[in-house]
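What follows is the residue order along each chain.
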Amino acid sequence: MFVILFNKNIPAMNECYGKKFILNGELLPAENFSNSLVYEGDSVYEVIRMVKGNPVFFHDHMERLESSAMHQRKEKLADIRTLRRDIINLTKTEKRKELNLKIVFNYNKEAVNYLVYFIEPIYPSEEQYKQGVKGILYYAERKNPESKVINHKLRSSIYHKLILEGGYEAILVNEQNCITEGSRSNIFFVRGKTLVTAPDNTILNGITRKHILEICRESKIRVDFECVAVKEIAACDAVFMTGTSPMVLQFFCIGDIYFNVRLPLIEKLRQLYMIKVQESIRRFISNIDPD
């Protein structure tokens, strides 16, 4: 996802999860990695899910990375061919094939760099896909949805609230007491045979969300674009999130409101989404640009 980073509160734990990483096209040992390469200065980045050693929706992520750089009036530090080559070379160094990959364009006063490296994946378990996960409400919103700003204080606050309440995801509530999105996902509500999700201009548009909406158009599933009020949550039949790591994952509850987790519609969306995942991988392997 696209984020602007600032050099405050650089995380202490090394983000690089693999044995190697790429800095400006050069393959280097992980011991040479420093979080300062990412968190000092400003950065735009993408996180991509790897399935069997191949990136999912590679072209979508590359388009958004380029758009992010342009939106912030920053130079594109590597083109799609270069990044494709870098991903292939980096993947050869790693035995684990189910990971998340991070691409960063960093703009520091001293230098500009681009990095490609693996980060530790946190994926839902099979049990969580079957039983759903717990959501909590968190009163905060993005001031500029198009350029999500990393706020380590806010992220830490959300993390601790999730731990305290045993939640999996925090659902953001705006000043109008309406739900916009998750802290790291997009949110869909189910009302009968209709899906409800926040308008595009109120959220950071996720690539998984993009493809779920495409599936809805293809399958003639109605989607209403509106922010659901907190007081209306209980009237919904089900709620699910979409994102790079969770893909399509339902909530069994939000706070003390419980939902149906065995809704055929959600399972249908998940299955159709996985078909698109495989199609995107085939395009990457064949080096075919989408239409």
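As the structure is a prediction and not an experimental result, all values here were calculated from the model.

### Quick word on the sheet that holds strand β4 (residues 42–51)
No. 1: Strand order across the open sheet formed by 6 strands is β3-β2-β7-β6-β4-β5, with antiparallel pairing between neighbours. Pairing within the sheet leaves two strands with one partner each, and these edge strands are β3 (26–29) and β5 (54–55).
No. 2: Relative to the sheet, helix α2 (residues 58–71) contacts β4, β5 and β6 (100–107), its axis offset from that of β4 by approximately 175 degrees.

### Considerations on the state of the cysteines
No. 1: Tallied over the full model, the rule gives 0 disulfides.
No. 2: Note on Cys227: no disulfide assigned, nearest cysteine sulfur contributed by Cys178 at a separation of 6.0 Å.
No. 3: Lacking any disulfide linkage, Cys253 is separated from the closest cysteine sulfur, that of Cys236, by 14 Å.

### A short note on the packing of α2 against helix α3 (residues 80–91)
No. 1: For the pair α2 and α3, the least separation of the axes is 11 Å and the interaxial angle reads 130 degrees. The angle between α2 and α3 falls in the class oblique. Where α2 crosses over α3, the two elements pack in a sense that is right-handed. Of the residues in α3, those in contact with Phe58, His59, Met62 and Leu65 of α2 are Ile80, Leu83, Arg84 and Ile87.
No. 2: Grouping the constituent residues of the contact of α2 with α3 by class yields 6 nonpolar, 1 polar and 1 charged.

### Quick look at the side chain of Asn113
No. 1: With respect to the helices and strands, the residue Asn113 is situated in strand β7 (residues 112–119).
No. 2: A polar contact is formed between the side chain of Asn113 and the side chain of Asn24, at a distance of 2.7 Å.
No. 3: The residues contacting Asn113, other than those within four sequence positions of it, are Leu23, Asn24, Leu37, Leu77, Val104, Phe105 and Asn106.

### Some thoughts on the pattern of salt bridges
Pairing between side chains of opposite charge can happen when their charged atoms approach one another.
No. 1: This structure, assessed with the given rule, holds 16 salt bridges.
No. 2: Of the charged contacts in the structure, one is a salt bridge between Glu165 and Lys161, with a shortest N-O distance of 2.7 Å. Of this pair, Glu165 and Lys161 both sit in helix α5 (residues 152–165), 4 residues apart, which is roughly one turn of that helix.
No. 3: The class of Glu165 is partly exposed, set by a relative accessible area of 32%.
No. 4: In this structure, Lys276 engages Glu218 in a salt bridge whose closest nitrogen and oxygen atoms are separated by 3.3 Å. Here Lys276, found in helix α7 (residues 264–286), pairs with Glu218, found in helix α6 (residues 207–219); they are 58 residues apart in sequence, far enough to count as distant.
No. 5: In this structure Lys276 comes out as buried when scored by relative accessible area, which is 11%.

### With respect to the packing of α2 against α6
For any two helices packed against each other, the geometry comes down to the angle between their axes and how far apart the axes lie.
No. 1: Direction vectors running N to C along α2 and α6 enclose 125 degrees, while the axes themselves pass 10 Å from each other. Considering the angle they form, α2 stands oblique to α6. Pair α2 / α6 crosses with right-handed handedness. The residues of α6 that touch α2, namely those facing Asp60, His61 and Arg64, are Ile207, Lys210 and His211.
No. 2: Here the contact of α2 with α6 is built from residues that sort into 1 nonpolar, 2 polar and 3 charged.

### Quick look at unusual backbone geometry
No. 1: Positioned with a positive phi, Lys52 is a non-glycine residue whose angle comes to about 55 degrees.
No. 2: Secondary-structure assignment places Lys52 in the loop between β4 and β5.
No. 3: We note that Phe57 has phi near 55 degrees; this positive angle belongs to a residue other than glycine.
No. 4: Mapped onto the secondary structure, Phe57 falls in the loop between β5 and α2.

### Considering the confidence of the model for the chain
No. 1: For the chain, per-residue confidence averages 90 on the pLDDT scale, and 91% of positions sit at 70 or higher.
No. 2: Throughout residues 1–8 the model reports pLDDT below 50, and contacts reaching past four residues in sequence, or to other chains, amount to 46 contacts.

What counts, and where the lines are drawn
Residues numbered from 1 in each chain as written. Predicted model: local features only at pLDDT ≥ 70, side-chain atom pairs only at ≥ 80, totals over all residues. Heavy atoms only, no water. Pairing = 2+ DSSP bridges. Helix = DSSP H or I, 4+ residues; strand = E, 2+ residues; numbered from the N terminus. Contact = heavy atoms within 4.5 Å. Axes fitted to C-alpha atoms, helices over the stretch in contact; angles between N-to-C directions. Disulfide = S-S within 2.5 Å. Parallel < 35°, antiparallel > 145°, perpendicular 65-115°, else oblique. Left-handed = near helix turned anticlockwise from the far one by under 90°. Nonpolar A, V, L, I, M, F, W, Y, C, P; charged D, E, K, R; others polar. Polar contact = N/O pair within 3.5 Å; in protein donor to acceptor, adjacent residues only side chain to side chain. Salt bridge = Lys/Arg side-chain N within 4 Å of Asp/Glu carboxyl O. Buried < 20%, exposed > 50% of the residue type's maximum accessible area, 1.4 Å probe, protein only. pLDDT = per-residue confidence, 0-100.

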